[in-house]
Amino acid sequence: KGLRQLLRTVFLSLPSLANVAALLCLLFFVYAVLGTHLWGAVALDAVDGGLDRHANFQNFGASFAVLLRMSTGEAWNSL
């Protein structure tokens, strides 16, 4: 009975989690467009571990990936 209650609770909370995910994607979209507009022309500098071909704001996809990288904490301090 306890496991069934837990699974029911998880199932009922999925719509709320979808709303949070949609809001987070919208926020990432806005900041990716803003980052591409503001820092799209910045030269890449791979010597200091800064912006390189994997982490830059030159296009929307790379900007979105950099924002995801920063939000998860994966080497965000090297950017």
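Everything that follows concerns the structure shown earlier in this document.
An account of the accompanying structure is given in this report. (Residues numbered from 1 in each chain as written. Predicted model: local features only at pLDDT ≥ 70, side-chain atom pairs only at ≥ 80, totals over all residues. Heavy atoms only, no water.)

**Quick word on the overall build of the protein chain**
Right, so step 1: Helix and strand counts for the protein chain stand at two helices and zero strands.
Right, so step 2: For 79 residues, the compact-globule formula gives about 12 Å, and the C-alpha radius of gyration of the protein chain, at 18 Å, lies well above that figure.
Right, so step 3: Structurally, the protein chain occupies a C-alpha span of about 60 × 25 × 15 Å along its principal axes.
Right, so step 4: Looking at the protein chain as a whole, 15% of its 79 residues are labelled buried.
Right, so step 5: Considering only contacts in the protein chain between residues 6 or more positions apart, those separated by 24 or more positions represent 40%.
Right, so step 6: In the structure as shown, the protein chain presents an accessible area of about 6200 Å², 68% of it carried by carbon and sulfur atoms.
Right, so step 7: Across the protein chain, 5 positive and 4 negative side-chain charges occur, with their mean positions spaced 33 Å apart. (Helix = DSSP H or I, 4+ residues; strand = E, 2+ residues; numbered from the N terminus. Rg over C-alpha atoms; globule rule 2.2 N^0.38 Å. Buried < 20%, exposed > 50% of the residue type's maximum accessible area, 1.4 Å probe, protein only. Contact = heavy atoms within 4.5 Å. Areas by Shrake-Rupley, 256 points an atom, 1.4 Å probe, with all protein chains shown as cover. Lys, Arg positive; Asp, Glu negative; His and termini not counted. Charge placed at Lys NZ, Arg CZ, Asp CG, Glu CD.)

**Here's the deal with the packing of aromatic side chains**
Right, so step 1: Inspection of the entire model under this criterion finds four aromatic pairs.
Right, so step 2: Aromatic pair F28 and F64: ring centres 5.6 Å apart, planes at 80°, arrangement edge-to-face. With F28 in helix α1 (residues 2-39) and F64 in helix α2 (residues 60-72), this pair connects stretches of sequence that are 36 residues apart.
Right, so step 3: On the basis of relative accessibility, which here comes to 11%, the residue F28 falls in the buried class.
Right, so step 4: Members of the aromatic cluster, joined through ring pairs, are F28, F29, F60 and F64. (Phe/Tyr/Trp six-rings, centres within 6.5 Å; stacked < 30°, edge-to-face > 60°.)

**Here's the deal with the environment of L34**
Right, so step 1: Of note, L34 is situated in helix α1.
Right, so step 2: Under the relative-accessibility criterion, L34 is labelled partly exposed at 41%.
Right, so step 3: Considering only alpha carbons, one finds L34 and F60, 26 residues apart in sequence, at a separation of 9.5 Å.

**Describing the packing of α1 against α2**
Right, so step 1: It is at 8 Å that the axes of α1 and α2 come closest, and there the two elements cross at 120°. Compared by their axis directions, α1 and α2 come out oblique. The element α1 and its partner α2 pack so that their crossing is right-handed. Seen from α1, the contacting residues are C25, F28, F29, Y31, A32, V33 and T36; seen from α2, they are F60, S63, F64, L67, L68 and S71.
Right, so step 2: Here the residues of the contact of α1 with α2 sort into 10 nonpolar, three polar and no charged. (Axes fitted to C-alpha atoms, helices over the stretch in contact; angles between N-to-C directions. Parallel < 35°, antiparallel > 145°, perpendicular 65-115°, else oblique. Left-handed = near helix turned anticlockwise from the far one by under 90°. Nonpolar A, V, L, I, M, F, W, Y, C, P; charged D, E, K, R; others polar.)

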